[in-house]
Amino acid sequence: AQSVTQLGSHVSVSEGALVLLRCNYSSSVPPYLFWYVQYPNQGLQLLLKYTTGATLVKGINGFEAEFKKSETSFHLTKPSAHMSDAAEYFCAVRRGTGNQFYFGTGTSLTVIP
Amino acid sequence: NAGVTQTPKFRILKIGQSMTLQCAQDMNHNYMYWYRQDPGMGLKLIYYSVGAGITDKGEVPNGYNVSRSTTEDFPLRLELAAPSQTSVYFCASSTLAHEQYFGPGTRLTVT
């Protein structure tokens, strides 16, 4: 079975500070991993994804994530937070041969000026 | 390309009424999905489809039905609306093994 755990439903950072949003997954087979961002009253849009290959993945808006198989983690980071980063972030996993995506419960990021 | 479109954007239903949420995509994706999003609960999969004529249940299918007669369209039917179905509904599509593209959502209230 697949599942996704996002630690911290709310995270606050100061503008210019490091952003770290945590995601751990469980999967019986090598997974595909995703981070999505959701702005208020909008649908989800893809930030970045890991399928195969390089474990450090770079996405849009300066975000990146590292797939660590030994830790079953796929944490999202950004070196310097911007006010426009305030949003809800979702981690998702898909089993490589499966049809379904499993989402975490989301982390709401607040950026303090 | 319009991507994934959903109609309506908002709807208020009375208990026991029925309605269909429309979803269409113009990216020729085989895979399509319906989710509901409730506060603090993330997204829960209702139904999905791997191609025209093929649908399957997700985590929370009770109270809903779907059909997939064409690659482009994937409507979600609520037969007897209940307050527990008050939620935001998202449709998404994807190619095999890659990311999903989401529609803007339908906000449904059942009173």
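For every chain, the first residue of its written sequence is number 1, and the numbers climb from 1 along that sequence. To read the labels, note that chains go from A and ligands from 1, taken in the order they are written. Only residues with pLDDT of 70 or above have their local features reported here, since the model is predicted, and side-chain atom pairs are shown and tallied only from 80 upward, although totals for entire chains, interfaces and linings are computed over all residues. Hydrogens and water molecules were not included; the side-chain quantities draw on all heavy atoms of the structure.

Asks: If you had to explain the overall build of chain A to someone new, which residues and values would you point to?
Replies: Secondary structure counts use DSSP, requiring at least four H or I residues in a row for a helix and at least two E residues in a row for a strand, with both numbered from the N terminus. A count of helices and strands for chain A gives zero helices and 12 strands. Reading the helices (α) and strands (β) of chain A from amino to carboxyl end gives β-β-β-β-β-β-β-β-β-β-β-β. Computed over the C-alpha atoms, the radius of gyration of chain A is 13 Å, within 12% of the 13 Å expected from 2.2 N^0.38 for a compact globule of 113 residues. When each of the 113 residues of chain A is scored for burial, the buried share is 45%. Counting only contacts in chain A whose residues sit at least 6 apart along the sequence, the fraction spanning at least 24 positions is 56%. Roughly 5,200 Å² of accessible area belongs to chain A as shown, and the carbon and sulfur atoms make up 52% of that amount. Each radius of gyration is computed over the set of C-alpha atoms, and the globule rule expresses the reference value as 2.2 Å times the number of residues to the power 0.38. Only protein chains enter the accessibility calculation, which uses a 1.4 Å probe. A residue is then buried if its area is under 20% of the maximum for its type, exposed if over 50%, and partly exposed in between. Residue contacts follow a heavy-atom distance rule, with two residues in contact if any of their heavy atoms lie within 4.5 Å. Using a 1.4 Å probe, accessible areas were evaluated by the Shrake-Rupley method; residue-level cover was limited to the displayed protein chains.

Asks: Kindly report on the packing of aromatic side chains, identifying the contributing residues and their values.
Replies: A pair of aromatic rings is counted whenever rings of Phe, Tyr or Trp (Trp by its six-membered ring) have centres within 6.5 Å, and the orientation is called stacked for planes under 30 degrees apart, edge-to-face for over 60 and tilted otherwise. Across all of its chains, the model carries 14 aromatic pairs over all chains by this definition. Both rings, one in B:Tyr35 and one in B:Phe102, keep their centres 5.9 Å apart while their planes meet at 35°; by these two values the pair is tilted. Taken together, the residues B:Tyr35 in strand β4 (residues 31-37) and B:Phe102 in strand β10 (residues 100-102) connect sequence positions 67 residues apart. Residue class for B:Tyr35 comes out buried when judged on its relative accessible area of 0%. You can call B:Phe102 buried: its relative accessible area is 12%. Members of the aromatic cluster, connected to one another through ring pairs, are A:Phe34, A:Tyr36, A:Phe101, A:Phe103, B:Tyr33, B:Tyr35, B:Tyr48 and B:Phe102.

Asks: Which residues make up the interface of chain B and chain A, and what are the values?
Replies: Listed by partner, the interface residues are 24 residues for chain B and 19 residues for chain A. When two parts are brought into contact, each loses some accessible area as probed by a 1.4 Å sphere; the total of that loss over both is the buried area. Taking both sides of the interface into account, the surface hidden between chain B and chain A amounts to around 1,700 Å²; carbon and sulfur atoms contribute 54%. Should a side-chain nitrogen of Lys or Arg be within 4 Å of a carboxyl oxygen of Asp or Glu, the pair is scored as a salt bridge. Counting every contact that joins chain B to chain A gives one salt bridge. B:Glu99 serves as the salt-bridge partner of A:Lys49, at 2.7 Å between the closest nitrogen and oxygen. For the purposes of these results, a polar contact is taken to be a pair of N or O atoms within 3.5 Å, where, inside protein, one atom must be able to donate a hydrogen and its partner to accept one; residues adjacent in sequence count only when each atom of the pair is a side-chain atom. Our enumeration of links across chain B and chain A arrives at four residue pairs in polar contact (both at pLDDT 80 or more). Residues were grouped as follows: Ala, Val, Leu, Ile, Met, Phe, Trp, Tyr, Cys and Pro as nonpolar; Asp, Glu, Lys and Arg as charged; and all remaining residues, including Gly, as polar. When grouped by side-chain class, the residues that make up the side of chain B that touches chain A number 13 nonpolar, eight polar and three charged.

Asks: Tell me about the side chain of B:Glu99, and please be specific about residues and values.
Replies: Looking at the element boundaries, B:Glu99 is found in the loop between β9 (87-94) and β10. In this structure B:Glu99 comes out as buried when scored by relative accessible area, which is 11%. There is a polar contact of 2.7 Å between the side chain of B:Glu99 and the side chain of A:Lys49. Reaching out from B:Glu99, the side chain makes a polar contact with the side chain of B:Tyr101 at a distance of 3.3 Å. Apart from residues lying up to four places away in sequence, B:Glu99 is in contact with A:Phe34, A:Tyr36, A:Leu46, A:Lys49, B:Ser93 and B:Ser94.

Asks: I'd like to hear about the nonpolar core, residue by residue, with values.
Replies: If you look at the biggest cluster of nonpolar residues, it comprises 26 residues, and the most contacted ones within it are A:Trp35, A:Leu48, A:Leu76 and A:Tyr89. Taken together, the elements giving at least two residues each to this core come down to β2 (10-14), β3 (19-21), β5 (31-38), β6 (44-50), β8 (64-68), β9 (73-78), β10 (87-95) and β12 (107-112) of chain A. For this core, the element with the highest residue contribution is β10(A), accounting for four residues. The definition of a nonpolar core used throughout is a set of buried Ala, Val, Leu, Ile, Met, Phe, Trp, Tyr and Cys residues joined through side-chain atoms within 4.5 Å. In terms of nonpolar packing, the next biggest core, distinct from the first, is built from 19 residues, B:Met19, B:Trp34, B:Val66 and B:Phe74 among them.

Asks: Talk me through the sheet that holds strand β1 (residues 4-7) of chain B; I want residue IDs and the actual numbers.
Replies: Residue and element names in this part refer to chain B. Strand order in this open sheet of four strands is β1-β3-β8-β7, and the pairing throughout is antiparallel. Here the strands that pair on one side only, and so sit at the sheet edges, are β1 and β7 (64-66). The sheet shows a mean angle of 20° between the axes of neighbouring strands, direction not considered. Relative to strand β8 (residues 76-78), β7 runs antiparallel, the two sharing three bridges. Criterion used throughout: strands pair if DSSP finds at least two bridges between them. Angular values range over 0 to 180 degrees, each being the angle between N-to-C directions of two axes fitted as lines to C-alpha atoms, with helices fitted over their stretch in contact.

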